[in-house]
Every structure is written in C-alpha cells, then in structure tokens.
Amino acid sequence: MSESAGSPADADPTVVVDGVTKQYAAGTTVTALDDVSLSLPRGSYTAIMGPSGSGKSTLLNLVGGLDTPSAGRVTVDGHDVSAESEAERAAIRGTEIGFVFQTFNLMPRLTAVENVALPLVFDGWSREDRRRRARELLDDVGLADRVDHVPAELSGGQRQRVAIARALAPDPALILADEPTGNVDTDTGATILDIFDDLHAAGNTILLVTHERHVAERAERIVHVEDGNVRTIEAVGEATDG
Amino acid sequence: MDSRESLRIAVRSIRAHKLRSALTVIGVVIGIASVITFATFGASVQAEIVGDIGDSSAGNIYVFGTPEDEEGFDRALQPVFTESDVDALREIEGVEAVLPRGIIQVGSVRQGNETLARQQVTATTPESITSDSVVSGRTFTPGENEIVVNERMATAFSQNLTAGSTLTMVMPDGEEREVTVTGVVTGTRGELPVGQFARQPRIFAPVDPFYESVVESPSAGVRQRAYPQVTVVADPRRIPDTKADIEAFLAESDARQLSASDTELVARSGSDFVDSISDVIEQITRFVTGIGVISLVVGAIGIANVMLVSVTERTREIGIMKAVGARNRDVMGVFLIEAGLLGTLGSVLGVPLGLLVGYGATRYADVGFALALDWMALAVVVGILVGVVAGLYPAWRAARVDPIDALRHE
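Residues numbered from 1 in each chain as written. Chains lettered and ligands numbered in written order. Predicted model: local features only at pLDDT ≥ 70, side-chain atom pairs only at ≥ 80, totals over all residues. Heavy atoms only, no water.

### A few points about the overall build of chain B
And then number 1: In terms of helices and strands, chain B carries 14 helices and 13 strands.
And then number 2: A compact globule built from 410 residues would reach a C-alpha radius of gyration of about 22 Å, whereas chain B, at 31 Å, exceeds it by more than 25%.
And then number 3: The proportion of buried residues among the 410 residues of chain B is 50%.
And then number 4: Pairs at least 24 apart in sequence give 79% of the contacts found in chain B among residues at least 6 apart.
And then number 5: Surface accessibility of chain B: about 19,000 Å² in total, with carbon and sulfur atoms responsible for 57%.
And then number 6: Taking the average location of the 34 positive side-chain charges in chain B and that of its 51 negative ones, the two points are 16 Å from each other. (Helix = DSSP H or I, 4+ residues; strand = E, 2+ residues; numbered from the N terminus. Rg over C-alpha atoms; globule rule 2.2 N^0.38 Å. Buried < 20%, exposed > 50% of the residue type's maximum accessible area, 1.4 Å probe, protein only. Contact = heavy atoms within 4.5 Å. Areas by Shrake-Rupley, 256 points an atom, 1.4 Å probe, with all protein chains shown as cover. Lys, Arg positive; Asp, Glu negative; His and termini not counted. Charge placed at Lys NZ, Arg CZ, Asp CG, Glu CD.)

Next comes the structure, spelled out in structure tokens:
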C-alpha cells in the first residue's frame, strides 16, 4: 500500500519514504514494513502512533539511518540514506538527524556539556566551538547551571532536556523522538512536549513516535501504523477546523 | 574523530573501573619490570667490568687452562704453570711482568678469639701489589710470614686490621701459622676481571713460604712450584703480538705437558674478557627478556579479556555514539585508545618498578648503577603496542555492534 502524505505544494520535503519494505530473516521471514511511503514536509511536526509490533520503530530506525530497507528508498534532506555506506550513514546521523530517546541514552561518564557536544566531536568541530555551542543549547533548555554534571546527578526531566540539546547540537534537518515522555512523570512530560512545540515553532522538522494519544495530538498530524502499513493519516486541529 | 576526545572517554572508562584496570595491567607491569630489571642489571655489570678492565688492566694478559668439555672446571684450576714457564714468559718480547697466582686453602683465620671460617688466600709475588693500590702499610716480603689484606678483610674482624696486626691462619691439616699484616690494599694487579666483580674479603700472601703446590717440571726435571693461573703484564700498545707469542710458547710449555690433552691453554686480554662477559650478559638478558615476553603475552590476554567485557558492558554507549554520528572507526578508536592506555599504564608502572628492582640488584651485587636507556624506550613502546594489539579484536567487535540492538540493550 502506498499513500502520499506531503502537501502538493511542498516540493522539497525533509524526509521521503518511498515504497519501503523491511524484512527480517528470523527463522521465517518477518515483514516489519510493507511498501510504505511517507513524506515529511520541511518544518512539519508529525506523530507516529501504533501498537507494539506495528512497525513504527522500524520506520523510525530507517528514517534515522540506523537501518537500511530491504526495498525502497529513504531520503533525508536529499541524502539517500538507503544507498549510502555505513560511514556515510553515520555522518548523516551525526549532522542531519537529532535523536531523542525514551531512555535518554546519555553517555554515563560524560558531563551534560560533553554529552551535548558529542555529535560535534564526530563532525570534526574544535573543542572550543563544541563547548560554546553545547553551553548555548543547555542554556536554551534551562540547564545552564547543570553543564558539568554527569547524567546520574540529573533528574529524568533534566536528562531528557540534555538529550534534546544534544539532538539540536548539529542543527539537524530532522528531529526524531522515540517516546520522549515515556520515562518521565506527567508534569515533566508536559514540559518536554512544550520544548518540542517551541522547536516546531522555530521551524524544525519533527517526527515523534508515541503510543499516547495526548502526546500525538501535540503534532500537526498523526500517522497510524499497523501491521507494517500506514493505515491512516490524521490531521490534528486542521481537520476539525475544516 | 578528535583523538583527545577518544582519550577523554578512555580515561573516564578506566577511572570508572580502577581495580579492574589495575589488575589487568599487572601482567604488563611484571613483563616490563622484569625486562627493565635485567637490562639495567646487565648494563650495570657490564659498565662495571668494562670500567675495571679499562682502568687498571689494559696491559693484562691472563694465561690459564680451559677444558673443552663442560664439566671440567676443576681441571681448569690445576696447578700446571711451573716456575720454568713463568721464567720463560718473562723472556717474551713486550712482557713487563709475570704475576703467578695460586690459591692457598686455609681452614680458618683467627684474630684473638675471633675466627673467620674457610678463607681463601691468594698466593702471589710482591710485583702484584703496586704502590698505588696500597692504602696503608707496605707490601709483604717474600720468605716472611707476612700478608696484605684488602679493605673488606681489614674490617672483617671487630678490631680493624692495620699494618702490624697479627693473625693466625689455621691450615686444613690443623697446622697453625702466625702471620703479620704488613698493609691494606685496594686490590692486586693481575686479578682476573671476574675476581674483581665479587668484592669478598681477601688475603694476599707471598708465594714463598706459603704456596706449596709443587710438580716436577718436565723441562727442568726438578720439582717446582706450579700455578693454576698466571697474569702477564705487557706493553698495552703491542698486546696482540705479545698474546700471539705467549700462545706460541704455551704449545711447548711445561703446562702443556702437565695438562690433560683436552685442556686448552689460553691467553686472554682484558678486552677478550669484556667481549665474553658481554656475550654472557647479553644471553642472560635475552633469556630474561623471553620470560618478560611471556609475561607480556599473558598481560595482553588480560587486556583483551577485560576489553571484551568492557565492549559488552558498554554496548549501549556504542549505540549512542553511533546514533550521534560515530563511524565504525571512531568506535574502534575509542576502544583501541583505551587498550593502548592500559598498556601504557603497564609500561609507566613497570619501568620504575624494574629500575627499582634493578637498582636493588646492583646494590646487592655491589656494582655501580647504570641505566639502559634504549631498553627503557623499547619497553614503553612494547607496552603500548601490547595494549593496542590486545585491543584490536575487542575494538573490532565494538565497531561491529548494531546500533539498533545496542540502543535496546539494558
């Protein structure tokens, strides 16, 4: 099944998923995604919802350049992620994509500022430039007084804000968030989602995976994935506004 | 990737597991330390011997018998060089002095009621005692019951020996001989270089009346004193010629006829000794280096093992690094640097430890301390290499970690 999700006016989408199939050989062949197509316009905010095993994580991994499709094409900001070498995909992950994970995934022995600066290390920034950029970003997420703390000294919400700052460090074309509020309490979750709203307002392209309806509703539209297929694409707000 | 950043990550990781890292580098420390110890000790002994021979023995040619088979060391000390041989050696061109040296077995030496058991007394001639080796007193007079002692011997009794002190030498057959100390010396001319190495308390006595090893001289046909070793003092500028002449004479000497046919009579100059001792030291050093290498291999296995554990423990970190743009070779670099750092740590700890033990060994053997700088540099390089080589496979495993699995890893 194939469905176009980009508005016709958007000639230069940030992400294009074109007829992507992903199969795993686990004894028998398991099809995690079956000929999925999707387009994320520049500056859009999209949520993916679906039950576990629906293929939403696989889709996220493919868009994030962590995995390659069995068939089809994934392009991020013009880079054909599916065709690139391992080293080139690593470079795309480091410069074009910012990941925010449910479990934060910060380096445990690096301080907040070092964690935020980590993507810039692999992109060849100088130490001074990295630290300056990392400090600015930590300041933006309200952690200016926590720059030299290691993750174990930070609360869950603070850790997720460090992770968001890290995702923003290389000024990526796309922010990928996998259940970003899954490991924090409701109030903190709301703060995190406010930050995503701010990022969207500032023009960032965001793709967020969640299983919570109220989280998904913060996005512009919700892509429902089921059994390896995109079932429906629901426009939030605009649909009710007409 | 910025290698300083890799280094930072590696240092943090090692610090996070201090005990584990310390235990891991022990193998490398032992390997490096043992090599450094023996390299230092070898260099020190070599420097000492070369120094001794260079200082005082440049003109010495040592004449002695050496058996061709291995178990014949006792026969090397057979008294075969007769007085006739000594006289003949004196006639050779370029020879300045011939110093016969024999050993007098003494059961014990007594001063008052203090007894030192089993002393060895060297019998020689007054020529062996040069004026600049005399610390106090004078040399002994042939024919008299007089002796000189070295500085160690002078302080061996609770009451120091000086010129004029008397001692009682108890011979193995129980006979007691009263002797007078006439002087204290630093050493004697004509000692084998290996003899100078062990600075034992020593007593030197005149051949007459103490030395009693006698054989019938085949050339003279009469019974004469005979010595196991003779040192020829020659003009240092024409040592090779003199040595050749001595060797030619030895073929027709009394000693040749008195020695077993498989005993080779040799004339060795000081530099011959330096060469052969250097060879021995080199062989020992090589042997110990072999042991050190085994230790380093064990150390390398230890590092590889811990690095494999580390890769498993840090699978998630590898996933994070890859997610934020680390290429496989960046990940590999982080782990290689960590392994190399463990090897470096082993070197950095092993070198001073080896120097310390080596210094202790030189003090124990009473030789001057000399540094083996080339070995130290080599040890550090080898230590780092051991770490890096040990880290290759774990680092390769780390680089191949699938980021998706790694990020799910608990």
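### Let's talk about helix α3 (residues 112-122) of chain A
And then number 1: Among the eleven residues that make up α3(A), eleven are buried, leaving the element largely enclosed by the rest of the structure.
And then number 2: Residues of α3(A) that are buried sit in contact with α2 (86-95), α4 (127-140) and α5 (156-168) of chain A together with α1 (3-16), α11 (315-323) and α12 (328-365) of chain B.

### Section: the sheet that holds strand β3 (residues 45-49) of chain A
Backbone hydrogen bonds are what pair the strands of a sheet, in a parallel or an antiparallel way.
All names here are of chain A.
And then number 1: Overall, mixed pairing links the six strands, which are arranged β6-β7-β8-β3-β9-β10 in an open sheet. A strand with exactly one partner marks an edge of an open sheet, and here the two such strands are β6 (97-100) and β10 (229-235). Strand-to-strand twist across the sheet, computed as the mean angle between neighbouring axes with direction ignored, equals 20°.
And then number 2: One ladder, built from four bridges, connects β3 with strand β9 (residues 221-226); its direction is parallel. Paired with M49 across the two strands is H224, which belongs to β9.
And then number 3: Strands in contact with helix α1 (residues 56-63) are β3, β6, β7 (174-178), β8 (205-210) and β9; relative to β8, the strand with the most contacts, it is inclined by about 155°.
And then number 4: Against the sheet, α5 makes contact with β6 and β7, and its axis sits at roughly 170° relative to β6, the strand it touches most. (Pairing = 2+ DSSP bridges. Axes fitted to C-alpha atoms, helices over the stretch in contact; angles between N-to-C directions.)

### Thoughts on the interface of chain B and chain A
And then number 1: With 26 residues of chain B in contact, the opposing surface of chain A contributes 26 residues.
And then number 2: Carbon and sulfur atoms make up 60% of the surface buried where chain B meets chain A, a total of about 2,400 Å² over both sides.
And then number 3: Summed over the three residues of chain B that lose the most area to chain A, namely R12(B), V324(B) and I404(B), the buried surface amounts to 23% of that side.
And then number 4: Where chain B meets chain A, there are four salt bridges. (Buried area = accessible area lost by both parts, 1.4 Å probe. Salt bridge = Lys/Arg side-chain N within 4 Å of Asp/Glu carboxyl O.)

### So, the domain arrangement of chain B
And then number 1: Taken domain by domain, chain B holds domain 1 (3-51 + 275-408) and domain 2 (97-229).
And then number 2: Computed over C-alpha atoms only, the centres of domain 1 of chain B and domain 2 of chain B are separated by 53 Å. (Domains from an automatic or database assignment.)

### Details of the sheet that holds strand β1 (residues 15-26) of chain A
Residue and element names in this part refer to chain A.
And then number 1: Ordered by their spatial adjacency, four strands build an open sheet running β2-β1-β4-β5, and the pairing between neighbours is antiparallel. Each having just a single partner strand, β2 (28-40) and β5 (79-80) make up the two edges of the open sheet.
And then number 2: Both β1 and strand β4 (residues 71-76) contribute to a ladder of five bridges, which runs antiparallel. Paired with V17 across the bridge in β4 is V74.
And then number 3: Strands in contact with α1 are β1, β2 and β4; relative to β1, the strand with the most contacts, it is inclined by about 120°.

### Quick word on unusual backbone geometry
Residues and elements named next belong to chain B.
And then number 1: Cis rather than trans, the peptide bond between D208 and P209 has omega equal to 20°.
And then number 2: Tracing the backbone shows P209 in helix α7 (residues 207-210).
And then number 3: With a phi angle near 60°, D366 is a residue other than glycine that sits in the positive phi range.
And then number 4: By the element assignment, D366 lies in the loop between α12 and α13 (373-399).
And then number 5: Taking relative accessible area as the criterion, D366 reaches 31% and is therefore assigned partly exposed.

### Brief notes about the confidence of the model for chain A
And then number 1: When pLDDT is averaged along chain A, the result is 90, and 94% of the positions lie at 70 or above.
And then number 2: Note that residues 1-9 of chain A has pLDDT below 50 and, in this model, 20 contacts with residues that lie over four places away or in other chains. (pLDDT = per-residue confidence, 0-100.)

### A closer look at the pattern of salt bridges
And then number 1: Taken as a whole and assessed by the stated rule, the structure comprises 35 salt bridges over all chains.
And then number 2: Between D235(B) and R237(B) there is a salt bridge, and its shortest N-O distance comes to 3.3 Å.
And then number 3: Classification of D235(B) by relative accessible area gives buried; the value is 16%.
And then number 4: Between D330(B) and R327(B) there is a salt bridge, with the nearest N and O atoms lying 3.2 Å from each other. Like D330(B), the residue R327(B) is buried in the burial classification.
And then number 5: Bridged by salt links that share partners, the residues R109(A), R314(B), E317(B) and E338(B) form one connected network.

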